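# Report on the structure
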Amino acid sequence: MSTDTAVVEFTDDNLQKYLDSGKPVLVDFWATWCGPCKMISPIVEDVARELGDDAIIGKMDIGKNSYGAKLGLLSVPTLMFFKDGKRKDMIVGVPTKSKIMDTIRGIM
């Protein structure tokens, strides 16, 4: 995981606080053993830098947290988009940056 401060490290303990923030939230569910997860990481970091304070962008390690399982997560990488605490959209696999930006802007 990057040390880029624009990307939040979500955990089972802190995710709900971010989901309740009123801002759009992008959760990148990933795992250390997942090659495609490593490919998507710089894209997610670019999205976080570009959106700044307009959205909350972060990553959740499924090996250390169970929140993804509660949401029915079946594979990684999976990007889930939330607004007002509710899941609004989801992308499985490695999308382009423009696909991610279009999706998050669609819920802003």
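Look up: the structure comes first, before these words.
The present account deals with the structure reproduced in this document. (Residues numbered from 1 in each chain as written. Predicted model: local features only at pLDDT ≥ 70, side-chain atom pairs only at ≥ 80, totals over all residues. Heavy atoms only, no water.)

### As for the state of the cysteines
Under the counting rule described, the total for this entry stands at one disulfide. Each sulfur of the disulfide joining Cys34 and Cys37 lies 2.4 Å from the other. Given an S-S torsion of about 80°, the disulfide between Cys34 and Cys37 has right-handed geometry. Taking the relative accessible area as the measure of exposure, Cys37 reaches 3% and is therefore buried. (Disulfide = S-S within 2.5 Å. Buried < 20%, exposed > 50% of the residue type's maximum accessible area, 1.4 Å probe, protein only.)

### Brief notes about unusual backbone geometry
Each neighbour pair has its own omega, and for Val76 with Pro77 the value is 0°, a cis peptide bond. Within the secondary structure, Pro77 sits in the loop between helix H3 (67–70) and strand S4 (78–83). Phi angles above zero are rare outside glycine, and Asp84 is one such case at about 55°. Among the secondary structure elements, Asp84 is positioned in the loop between S4 and strand S5 (86–92). With a relative accessible area of 52%, Asp84 lands in the exposed category. (Helix = DSSP H or I, 4+ residues; strand = E, 2+ residues; numbered from the N terminus.)

### Side note on the packing of aromatic side chains
The full count for this structure, using the stated rule, is one aromatic pair. Summarising the aromatic geometry, the rings of Phe10 and Tyr18 are spaced 5.3 Å apart at their centres and angled 65° between planes, so their arrangement reads as edge-to-face. A single burial state applies to Phe10 and to Tyr18, both of which are buried. (Phe/Tyr/Trp six-rings, centres within 6.5 Å; stacked < 30°, edge-to-face > 60°.)

### Regarding the environment of Thr32
Take Thr32: it is sitting in the loop between strand S2 (25–30) and helix H2 (35–51). Spatially, the C-alpha atom of Thr32 lies 25 Å from that of Ala55, the residues being 23 residues apart in sequence. With sequence-adjacent residues up to four places away left out, Thr32 is seen in contact with Lys38 and Asp61. (Contact = heavy atoms within 4.5 Å.)

### Topic: the pattern of salt bridges
In total, this model carries four salt bridges according to the counting rule given. With its nearest N and O atoms 2.5 Å apart, the salt bridge here joins Asp46 to Arg49. On the criterion of helical spacing, the pair formed by Asp46 and Arg49 is a turn pair, its members being three residues apart in helix H2. The class of Asp46 is partly exposed, set by a relative accessible area of 32%. Exposure remark for Arg49: the relative accessible area of 46% places this residue in the partly exposed category. The shortest N-O distance in the salt bridge between Glu50 and Arg105 comes to 3.3 Å. Of this pair, Glu50 sits in helix H2 while Arg105 sits in helix H4 (residues 97–106), and the two are 55 residues apart along the sequence. Note on Glu50: relative accessible area 44%, which makes it partly exposed. For Arg105, a relative accessible area of 45% puts it in the partly exposed group. Look at the salt bridges and you will find they share partners, linking Glu50, Lys97 and Arg105 into a network. (Salt bridge = Lys/Arg side-chain N within 4 Å of Asp/Glu carboxyl O.)

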